[in-house]
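Single-letter residue listing:
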Amino acid sequence: MLYGADYNPDQWPEEVWDDDVARMREAGVTTVSLGIFAWSRLQPGPDEWDFGWLDRVIDLLHAGGIGVNLATATASPPPWVTVRHPDVLAADENGAPYWHGSRQHHSPSSPTYRRLAAELVRRIAERYAHHPAVVMWHVDNELGCHLPVEYGDSARDAFRAWLRERYGTVAALDAAWGADFWSQRYGSFDEVFPPRKAPYSRNPAQVLDYRRFMSDTWLSLFRMQADIIRAAGATQPISTNMMGPFPHADYASWAPHIDVITDDCYPDPSSPTRVRDIAFQRDLVRSLKRGTPWLLMEQATDAVNWRPTNPSKRDGQLAAETAQAIGRGADGVFFFQWRQSRAGSEKFHSAMLPHAGTRTRTWESVVELGSALAALPELPAPSDSPVALVFDWENWWAVEGADHPGTVDYLGVVRAWYGALHRRGVMVDVVRPEDVDGRYRLAIAPFLYLMRDPGVAALRAFAAEGGVLAAGPFTDVVDESDRFRDGGFLTQLGPILGVAFEDFRPLLPPTLGDAAARAGAASVAAASPAEEAAVAFGSAEFAGTFFAEALFADDAAVLATFASGPSAGRPAITRRAHGSGSAWYLATQPDERGLDLVVARLLAESGAESVLGIAPPPGVELAQRGDLVTIINHGEGEARIPELGLALGPQEHAYVRQDGAA
Ligand code: GAL
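Residues numbered from 1 in each chain as written. Predicted model: local features only at pLDDT ≥ 70, side-chain atom pairs only at ≥ 80, totals over all residues. Heavy atoms only, no water.

Quick look at the overall build of the chain
Each helix and strand in the chain was counted, giving 18 helices and 26 strands. Over its C-alpha atoms the chain spans a radius of gyration of 26 Å, differing by no more than 12% from the 26 Å that the globule rule assigns to 662 residues. Dimensions of the chain, computed from the C-alpha atoms along their principal axes, are close to 75 × 70 × 45 Å. Burial analysis of the chain (662 residues in total) assigns 59% to the buried set. In the chain, of all internal contacts separated by at least 6 residues, the share reaching a separation of at least 24 is 72%. Of the roughly 24900 Å² of accessible surface on the chain, a fraction of 51% belongs to carbon and sulfur atoms. Separation between the mean location of the 58 positive side-chain charges and that of the 85 negative ones in the chain comes to 1 Å. (Helix = DSSP H or I, 4+ residues; strand = E, 2+ residues; numbered from the N terminus. Rg over C-alpha atoms; globule rule 2.2 N^0.38 Å. Buried < 20%, exposed > 50% of the residue type's maximum accessible area, 1.4 Å probe, protein only. Contact = heavy atoms within 4.5 Å. Areas by Shrake-Rupley, 256 points an atom, 1.4 Å probe, with all protein chains shown as cover. Lys, Arg positive; Asp, Glu negative; His and termini not counted. Charge placed at Lys NZ, Arg CZ, Asp CG, Glu CD.)

Section: the sheet that holds strand β23 (residues 628-633)
What the 3 strands build is an open sheet, ordered β22-β23-β26; its pairing is antiparallel. Because the sheet does not close on itself, it has two edges, and the strands there are β22 (620-625) and β26 (653-657). Sheet twist, expressed as the average angle between the axes of neighbouring strands with direction ignored, equals 20°. (Pairing = 2+ DSSP bridges. Axes fitted to C-alpha atoms, helices over the stretch in contact; angles between N-to-C directions.)

Here's the deal with the site of the ligand
Neighbouring the ligand are the residues F37, R103, N141, E142, D264, Y266, E298, W306, F336, E346 and H349. Within the contact set of the ligand, an oxygen atom lies 2.8 Å away from a side-chain nitrogen or oxygen of W306. One nitrogen or oxygen atom from the side chain of H349 is found 2.7 Å from an oxygen atom belonging to the ligand. In the complex, 95% of the free accessible area of the ligand, which totals 310 Å², lies under the protein chains. Broken down by class, the residue content of the shell around the ligand amounts to 4 nonpolar, 2 polar and 5 charged. (Near = heavy atom within 4 Å. Polar contact = N/O pair within 3.5 Å; in protein donor to acceptor, adjacent residues only side chain to side chain. Nonpolar A, V, L, I, M, F, W, Y, C, P; charged D, E, K, R; others polar.)

Some points on the pattern of salt bridges
One pass over the full model with this rule turns up 54 salt bridges. In this structure, R485 engages D453 in a salt bridge whose closest nitrogen and oxygen atoms are separated by 3.5 Å. Of this pair, R485 sits in the loop between β13 (468-471) and α16 (494-497) while D453 sits in helix α15 (residues 453-464), and the two are 32 residues apart along the sequence. Residue R485 is classed as buried on the basis of its relative accessible area of 18%. Here the residues in one salt-bridge network are R166, D209, R212, D392, E394, E434, R452 and E480, joined through shared partners. (Salt bridge = Lys/Arg side-chain N within 4 Å of Asp/Glu carboxyl O.)

Digging into the packing of aromatic side chains
Overall, the coordinates contain 35 aromatic pairs when judged by the stated rule. With 5.4 Å between their ring centres and 65° between their planes, F489 and F501 make a pair best called edge-to-face. A residue pair is termed long-range when its members are at least 10 positions apart, and F489 in the loop between β13 and α16 and F501 in strand β14 (residues 500-503) qualify at 12 residues. The partly exposed category is assigned to F489, whose relative accessible area is 22%. The aromatic ring of F193 is capped on one face by R160, whose charged end is 4.8 Å from the ring centroid. Against the face of F552 rests R570, its NZ or CZ located 4.8 Å from the ring centre. (Phe/Tyr/Trp six-rings, centres within 6.5 Å; stacked < 30°, edge-to-face > 60°. Lys NZ or Arg CZ within 6 Å of the ring centre and 35° of its normal.)

Quick word on the pairing of strand β10 (residues 387-390)
A regular strand carries its side chains on alternate faces of the sheet. Of the two faces of β10, the one holding V387 and L389 and the one holding A388 and V390 are both buried throughout. Bridge analysis of β10 against strand β11 (residues 428-431) gives 4 bridges, and the strand direction is parallel. For L389, the partnering residue across the bridge sits in β11 and is V430. Direction of pairing for β10 relative to strand β12 (residues 442-445): parallel, over a ladder of 3 bridges. Looking at the pairing, L389 lines up with I444 of β12.

Quick look at the nonpolar core
Core analysis: the largest hydrophobic core is formed by 187 residues, its most contacted members being W137, W177 and W417. When residues in this core are grouped by element, the largest group, 13 residues, is from helix α8 (residues 204-231). Ranked by size, the runner-up nonpolar core spans 14 residues in total, among them V611, A639, I641 and L646. (Core = buried A, V, L, I, M, F, W, Y, C linked by side-chain atoms within 4.5 Å.)

A look at the sheet that holds strand β7 (residues 262-264)
Pairing is parallel across the open sheet formed by 9 strands, whose spatial order is β5-β4-β3-β2-β1-β9-β8-β7-β6. The two strands at the open ends of the sheet, each matched to only one other strand, are β5 (238-239) and β6 (241-242). Here strand β1 (residues 2-7) runs beside strand β9 (residues 330-335); their pairing, made up of 4 bridges, is parallel. Of the residues in β9, the one forming a bridge with Y3 is V333. Helix-sheet contacts for helix α12 (residues 361-374) involve β1 and β9, and the interaxial angle to β1 is about 140°.

Some points on a nonpolar patch on the surface
Together, F181, W182 and Y200 make up a nonpolar patch on the protein surface, roughly 410 Å² of accessible area in all. Structurally, Y200 can be placed in the loop between α7 (170-177) and α8. Y200 sits in the exposed class, given a relative accessible area of 56%. (Patch = residues over 30% accessible without salt bridge, like charges linked within 9 Å, V, L, I, M, F, W, Y side chains within 5 Å.)

A word on the packing of helix α6 (residues 153-167) against α8
For the pair α6 and α8, the least separation of the axes is 10 Å and the interaxial angle reads 105°. With respect to each other, α6 and α8 are oriented roughly perpendicular. Along the contact surface, α6 presents A155, A158, F159, W162, L163, R166 and Y167, while α8 presents Q206, D209, Y210, R212, F213 and D216. (Parallel < 35°, antiparallel > 145°, perpendicular 65-115°, else oblique.)

Notes on helix α5 (residues 111-128)
Counted at 1.5 Å a residue, the expected span for α5 with its 18 residues is 26 Å, and the 26 Å between its end C-alpha atoms agrees. Turning to α5, its buried residues number three or more, namely T112, Y113, R114, L116, A117, A118, L120, V121, I124, A125 and Y128. Buried residues along α5 sit in contact with α2 (39-42), α3 (52-63), β3 (67-71), α4 (79-84), β4 (134-138) and α8. (Expected span 1.5 Å × (residues − 1).)

Written out as structure tokens, the structure reads:
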């Protein structure tokens, strides 16, 4: 179990370093991420290099038995870079530059930036590839975090090259983008620009491709650096820290290029959905490389500095959130950062070693956590889950596009489904449609508006081969270029679902509409279900949200019917049997109560079980990794789990082997 933090000794005089290492040992730190923002200290000027201080600090850490996750320091180019080379600066959608004075102000497409970054990385890698302290490489930092999309001239040129590679000919590009609409037909790739500021709605296929391009660009920057590190002879794992469900990077497409998944997670202590959202993020990153442990690369020991108000964590919360990570596959836990900064934008951000010193709750909990982690035995590899929740970045970009029948909160919807499974203690893999396979018993695909052909094939095969598939609403609407397919909607999944599509019939989005009106508009009543006795779904009512689609259940049983709203009397949930499996379609997004009912029914039908078959009491989280079961009480009072003979106080957790050993 790795334990540590970002370490920024370049912010401190060398006299402090000895104390740092001594304190790290006291806290049980095993590893630190070093030099993440050190470019201006490593290369103070175009022809000046200074590795002496880094040599000394790495040796000092090594002598103290602390490993180094060595950063490539490329995340914040020094002022001399952008003063000498203004083409390094990123630009907004008006083409106006972002200036230095913060961080991440560079264009990842800039050839000058890439040349300078490559030189820096080469020197670092060649110098330290064989240093015994270096256990891992940390490429850049949160690629794309602050400037996920930029529109400058370097991006323009790189976008054109990316499009040439994707489409081959401009005629193919025109066809994919539907360029005959509004006279957008291009005569050559040189006429194409990033989707910069325009008077009205921009071509949705162009916008979608630009998001793909930006995600690919950040990945290519990672790969450029990883190649340089390898070429220098380094053999340690290479990673870059992700940000869970970060909207702008298709991490599922990045994962194969990254040796070990590392994730940063800063939950809002005041969010009512905090526990669920953390668990979702843990499962999402775990699912990026199924069966492989990952590292929690950044979390906060206590408050952050960057929300309008930054409440403290409550007692025990840090340990509980850390247990969520370990129980869901983490083999290491790190913080931002080791010693609290004394200047700069993040001086109020908590750290392992607070500015107020060691007579603090934070320091005590950091030391306590260090010794608890050191006492853990070797942990099993994460295992597959019985349920696949389909989540797809390209679909996210497309489904939330402009000019649609209704406004969709894709992440919100996916997390709502996850919440219903989490409340029941069921383990979930969060995967792309093409990764749904026979390992799962149940697959849920909400709002899968954009469907690529491999995803279509996988979902069809899953349902045909005995899985239980639940899809919809607003699913199977466009192809990968955001074009309608010939023949209407639900053209790909309709045959296995046994339904035909008539109309979308949007409802006001849940966060914008008045709750009572919403419920009236889409109240759903189950229709005399024959097999539903095992779960309380038949006589129940719940509200549908976002859409009340008009469907024909040509070859499917109707499990629920709209009782009111724009599709009153029409099917709301359908089911078509396939041998031992089935394919369900939801013409609406159930509210929380509805999700509980539908999920209970889907679990019963698919045979997907909760962890140890236990129904957790409210506030209690169950997680499974191999034969290790983690039980966490996030509630305010004591929680009893009689099946395990356990009683846990608020924020307490326990690890139990599947055979019952504590
Ligand atoms: C992360 C970043 C760190 C630090 C931290 C503060 O996004 O990687 O460098 O800024 O946030 O919460």
